[in-house]
Every structure is written in C-alpha cells, then in structure tokens.
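Observations on the three-dimensional arrangement
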Amino acid sequence: MTDDLFTLRAETEAALREAADVRAWDAVRVGVLGKSGTLTALLKDLGRTPAEQRRERGAALNRLKDELAAAIEARRAALEEAALEARLAAERIDVTLPPRPAPAGLIHPVSRTMEEMAAIFGAMGFAVAEGPDVESDWHNFGALNIPAHHPARADHDTFYLPPAGPGAAPPVLRTHTSPVQVRSMLRQPPPLRIVTMGRTYRADHDATHSPMFHQLEGLAIGRDITLGHLKGCLIDFLRSFFGIASLPVRFRASYFPFTEPSMEVDIGWNRRTGELGGGGDWLEILGSGMVHPKVLANCGIDPAEWQGFAFGMGVERVTMLKHGMADLRPFYDSDIRWLRHYGSSPLAPAMLHEGV
Ligand code: DAH
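About the criteria used
- Residues numbered from 1 in each chain as written.
- Predicted model: local features only at pLDDT ≥ 70, side-chain atom pairs only at ≥ 80, totals over all residues.
- Heavy atoms only, no water.
- Core = buried A, V, L, I, M, F, W, Y, C linked by side-chain atoms within 4.5 Å.
- Buried < 20%, exposed > 50% of the residue type's maximum accessible area, 1.4 Å probe, protein only.
- Helix = DSSP H or I, 4+ residues; strand = E, 2+ residues; numbered from the N terminus.
- Contact = heavy atoms within 4.5 Å.
- Pairing = 2+ DSSP bridges.
- Axes fitted to C-alpha atoms, helices over the stretch in contact; angles between N-to-C directions.
- Disulfide = S-S within 2.5 Å.
- Polar contact = N/O pair within 3.5 Å; in protein donor to acceptor, adjacent residues only side chain to side chain.
- Expected span 1.5 Å × (residues − 1).
- Arc of directions from axis to C-beta.

Here the focus is the nonpolar core. If you look at the biggest cluster of nonpolar residues, it comprises 41 residues, and the most contacted ones within it are Leu 216, Leu 238, Phe 242, Ile 267, Ile 285, Phe 309 and Phe 311. Counting residues per element, this core draws most heavily on helix 8 (residues 227-242), which supplies seven residues. Ignoring any residue separated from it by four or fewer positions in sequence, one finds Phe 309 in contact with Phe 126, Gly 218, Leu 219, Ala 220, Ile 225, Thr 226, His 229, Leu 230, Cys 233, Gly 289, Met 290 and Val 291. Of all hydrophobic cores here, the second largest spans 22 residues; its members include Ala 143, Ala 152, Leu 192 and Val 291.

Bringing the sheet that holds strand 4 (residues 192-201) into the picture now. In spatial order, the strands read 1-4-5-9-8-7-6; together these seven strands make up an open sheet with mixed pairing. Edge positions in the open sheet fall to strand 1 (127-128) and strand 6 (249-256), since each of these has one partner strand only. Strand direction decides the pairing type here: strand 4 and strand 5 (residues 212-222), joined by ten bridges, are antiparallel. The partner of Thr 200 across the bridge, within strand 5, is Phe 213. Along the sheet, helix 5 (residues 109-123) contacts strand 1, strand 4, strand 5 and strand 9 (307-314); its crossing angle with strand 4, the most-contacted strand, is approximately 170°. Across the sheet, helix 7 (residues 179-187) lies against strand 4, strand 5 and strand 9, angled at about 40° from strand 5, the strand it touches most.

Taken as a whole and judged by the stated rule, the model has zero disulfides. Cysteine Cys 299 is unpaired, with the sulfur of Cys 233 as its nearest cysteine sulfur at 20 Å. A relative accessible area of 3% places Cys 299 in the buried class.

Position of Thr 177 relative to the elements: it lies in the loop between strand 3 (172-173) and helix 7. On the basis of relative accessible area, Thr 177 is assigned to the buried category, the value being 0%. Of the polar contacts made by the side chain of Thr 177, one reaches the side chain of Glu 217; its length is 2.9 Å. Contact partners of Thr 177, with chain neighbours within four places excluded, come to Thr 196, Gly 198, Thr 200, Gln 215, Leu 216 and Glu 217.

With that settled, consider helix 1 (residues 3-18). In this model helix 1 runs 23 Å from its N-terminal to its C-terminal C-alpha over 16 residues, within 8% of the 22 Å that 1.5 Å per residue would give. Those residues of helix 1 lying buried are Leu 5, Leu 8, Thr 12 and Leu 16. For helix 1, the angular spread of the buried residues around the axis is 60°, confining them to a single face. Among the exposed residues of helix 1, those pointing more than 90 degrees away from its buried face are Asp 3, Glu 11, Arg 17 and Glu 18. Buried positions along helix 1 lie against helix 2 (22-33), helix 3 (38-44) and helix 4 (51-90).

Printed below as a string of structure tokens:
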C-alpha cells in the first residue's frame, strides 16, 4: 500500500473515532465512499495510473475499500448501540417506588345493601328483574287489586304525571316495587322466582321518609308453594342479611290488597339500645303474603293451578337498622364525610354470612 492510501486509512479511522453521532458518522461515510468521496476519486483516477502499476494499485484500492467499508459499518453499529444504551438509561424507571395514591370511590350504602340482597336471594335461586320508575296506573294499582277509589290508594301519597290524553288514567311514579311482580308474571310463564330492587316515590318527607326511596320486592310462583316456604325464605334472608344466626323473626297477620293471607314480619330488637337480636321488643320490617288469586288472574296465571308468595321491604330502612343510622336524609345529601364513613370499598365482596 502506498503512502497516500496509508494516510487515507489513518484519517478515515480517526474521523470515525471522532464521529459522536449518526450524522457525523454519515458525513465521514459520504466523504470517503460517496460519489465524490476521497476513495471514489482515487478509484476513478485508476485509469490515469501508468499501466505497469495499475493492477497492483487497483488491488490495493479495492482492499482498502473493503477495509474502510467494514470499519464504517462497525462504527455505525457501535453508535447505534450507544444510542440505545443512552435511551434505556434515560428511560429507566424505578419499579420499587411506591405508586402515587389514586383517588378511590366508595359504594353508597343503598347500592351495597341491594348487592347484598341480590346475592342472598340469588343463592336461593331468585333472578333479578327490573321495571320502569314511571308506571301505568294499572301496573302500580289495578293489577295489584287496588282499583280506583280503593282506600289503600290513600296510603300511597302518589305522584301523578300528566295523562296521555283526555280520560286516560295518569301515569304515576311507582309508589312501590310491586308492579315489577305484575310485569314479571306477564313476561314469563310460571314457575318463577324473582327479586327486584329499585327506586320508589311517595310525596312524603321527614327524618324517616324521603320522596324517593328504594324497595326490594320478591315473588315466587309455583304449583306447590306454601306459606311455609314464605316463612323459611324470609327467616333465612333476615338472619343472613343482618348476620345474626339467632335473630328472632315473627309473622303477624296483616292486610295488603295484593296478598291473602297477608303478614307483616317483625324482628327482635332492644328498643332502648337499638340493638338487633334480643331485648324482647319487636320491630316491623317488611310486608308479605300469598299472592292474591285475583292478582294471578290479572297477570294471566290460572290461580287454580298456581300459587305463590310475595314480599316487599324498604332498602334504606334495613340499611339504617343494620348500620345503626338514625337519619334518612343524609342518604341523599352527597356529603362526602358521610359517604366516607358509611360507604364501602368497591373491591370488598358483598357480605354474605355463610352458615347463618
Ligand atoms: N308494596 C308494599 C308497600 O309498598 C309492600 C309489600 C307488602 C309488598 C306485601 C309485597 C307484599 O309484595 O306481599 O308497602
């Protein structure tokens, strides 16, 4: 190799070493191997080399070209690797750092109670049904054996909505969840077993009444369903829901237009301390009964062939009893302090008292 080629090699190697990034590296590559690069120029000059030296010079230039091409390629790989290392170092994260606290929401006690109810009745084979908040007069009253001018209507403090036309019965905000019984029987042939939980409305407002509140309703229809099933089902539910295996439960004869016989259900508690379970006092907690034959017939079910039981209770009421809450009004105030105190974690499963 002649001196000029030694020099070119040394200069190119030095320039490559100095090239700190891909742009500088590319300038070196183009300067040597590009169209007007130094080595390219020497190859072009080969034609002017005296014939006796041409072969040797040509071979030396080609060797140098291969050598420099390899050196240039090696430098590119080194630069790329260095760039990757730098990027990895810059983007390094410390996986041992504790996470930033994320704001966590809580489940409202009414929602939690309804989840628990659905879980307990679900385990007993009840499906969850739904119905609309705005009901026809017939679904809310008529089908349930509460005709117009029936005295039971006066108990309901009903919100009436504008009627669809002259002479039409005004729709209502449902005053109870019992119309979902009607809808379930019309939707599905018996046997059936449903619960529904949802909003109900009555024009009433004080410490224990809200114009909007929630009810749970249950319905079981079969060929051989008896009062015994009703009692067993509700005793199991109440003991499971309140988590008290020995909770005293009492069935007391009562009246509802849609059941016959009808019973109100009381649980044992201590009136003085508010404690549930013992104490010798009774607290009314829900209404129930055997579905009235007229109601079955109104819903297209033959009462000679089918019978069943139904029950209804206030969701807020049982929530207040379970958690010792005195006032209903904060349920709807959206006061964050109250919600933090009474809300429950969305990650905690609904409480089921196994074995109760
Ligand atoms: N609908 C009744 C109310 O709002 C509660 C009720 C009583 C529902 C007896 C029932 C039942 O299904 O059988 O006061």
